[in-house]
Amino acid sequence: MADPHCLGSAAGIAPPSAASTSEKLPFDRRDLGAMAILVGLVVLLFWRALFTPDMLFFRDIFNYSYPHARLIQEICRRGQLPYWNPYLNWGQPLLANPNTLFFYPYTLFMVLLPINLAYPLHYVVHISLAAIGAYVLARRWGQSRLAAFFAGGFFALSGPVVSLGNFYNMVACVAWMPWALLATDWAVESRSLRPWILLTLIFSLQMLAGEPFTLMATFALSFAYALYRRGTLNPLWSRQNLRMLTWFFVIGCAMVALCAVQFLPSADLLSRYVDAFQRYDMTALLALIHEDAVMTMPPFEMWLRGARDITTWMVQPTPSACRDSVLVPVEANGVQAWAPYRPDA
């Protein structure tokens, strides 16, 4: 008999039955066949990028994510860590930039495989993961194989997901959304610690994928689903609700700790750069800019190379108009950026 205080019951909708969640549905070759067909559809979608000389190029791929992936491969194959990209503006951090996905596990394949195969395969692997995850989640919720097949297909091949083929980091993050819900469903039904550890690892993978908004949406959705399954509306601060809140707080802390290797270097470098620029301290900037940094400003015919040349140019009369500027945090292309605002004359 359902708990009358259950969130689902309060809304007039009964939560999923125990038979549809806690009991394992029989998985057999037919399920494997359905998932193989889903993967085949994704491969068919990307067949030109996989099996012909054609390559993905639209939007961020051509001028951002593919060049970064190639540069990471070249530097790692020389036996070095990719700390810095000298080819953009003054040079930019590479390892500390979450959008380059250096600490994301798939980057290992970027280093080991030919880049023209590994790069399009990144999209195939993650959209396939999204399809399989949605399929398994639907089966766990008691759906038939046919219904689960359409759930996996419609999710993975939907316009929003396929359009993420332009965004290297976003597609990696979205692929783990159904898996997070699956782990949440397992966790609220189990007395074991293992599903909570699995959920922490899934959120950590999303964080290493460098797309914070999708991570936050997945985290919130998983928490809401956990409350729906095991929470109450009356009283709001019930033991069940506090238990779920505690679990997700611990998961969030563990996720941040696991991913500290990614965001701590980035946060430190960014704070030092913002401080030095706003003080217009050329000595501090000189220490932050690598010697192989390059600064250009298209369409002007300007090319500066090396930290000393760049900082020398910045104290000339025209560039010095940037003195006393304030760097304001903004959002650009779904990620945090900084916009310099000059003081009024």
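Residues numbered from 1 in each chain as written. Predicted model: local features only at pLDDT ≥ 70, side-chain atom pairs only at ≥ 80, totals over all residues. Heavy atoms only, no water.

Bringing the packing of aromatic side chains into the picture now. Enumeration over the complete set of coordinates arrives at 15 aromatic pairs. For the pair Trp141 and Tyr225, a centre-to-centre distance of 5.7 Å together with 40° between the ring planes defines the contact as tilted. Placement of Trp141 in the loop between α7 (115-140) and α8 (145-156) and of Tyr225 in helix α13 (residues 212-230) is noted, with a sequence separation of 84 residues between them. We classify Trp141 as partly exposed; its relative accessible area is 31%. For Tyr225, a relative accessible area of 10% puts it in the buried group. Aromatic side chains Phe150 and Phe154 sit 6.0 Å apart centroid to centroid with 25° between the ring planes, which places their arrangement in the stacked category. With Phe150 and Phe154 both in helix α8 and 4 residues apart, this pair spans about one turn of that helix. Chaining the aromatic ring pairs together yields one cluster made of Trp196, Phe203, Phe219, Phe223, Trp247 and Phe248. (Phe/Tyr/Trp six-rings, centres within 6.5 Å; stacked < 30°, edge-to-face > 60°. Helix = DSSP H or I, 4+ residues; strand = E, 2+ residues; numbered from the N terminus. Buried < 20%, exposed > 50% of the residue type's maximum accessible area, 1.4 Å probe, protein only.)

On to helix α14 (residues 239-258). Taking 1.5 Å as the rise per residue, α14 with 20 residues should run 28 Å; its terminal C-alpha atoms sit 28 Å apart, in good agreement. Buried residues of α14: Asn241, Met244, Phe248, Ile251, Gly252 and Met255, and no others. Angularly, the buried residues of α14 cover 100° about the axis, an arc narrow enough to put them on a single face. Opposite the buried face of α14, by more than 90 degrees, sit the exposed residues Arg239, Phe249 and Ala257. Check the buried side of α14 and you find it contacts α11 (177-189), α12 (194-208) and α13. (Expected span 1.5 Å × (residues − 1). Arc of directions from axis to C-beta. Contact = heavy atoms within 4.5 Å.)

Summarising the element assignment, Thr214 is placed in helix α13. Using a relative accessible area of 14% as the deciding quantity, one classes Thr214 as buried. Remark: the alpha-carbon pair of Thr214 and Met177, spanning 37 residues in sequence, is separated by 8.5 Å.

A word on the confidence of the model for the chain. Of the residues in the chain, 86% have a pLDDT of 70 or more, and the chain-wide mean is 81. This model gives residues 1-22 a pLDDT under 50, and the stretch forms 40 contacts once residues within four places in sequence are excluded. (pLDDT = per-residue confidence, 0-100.)

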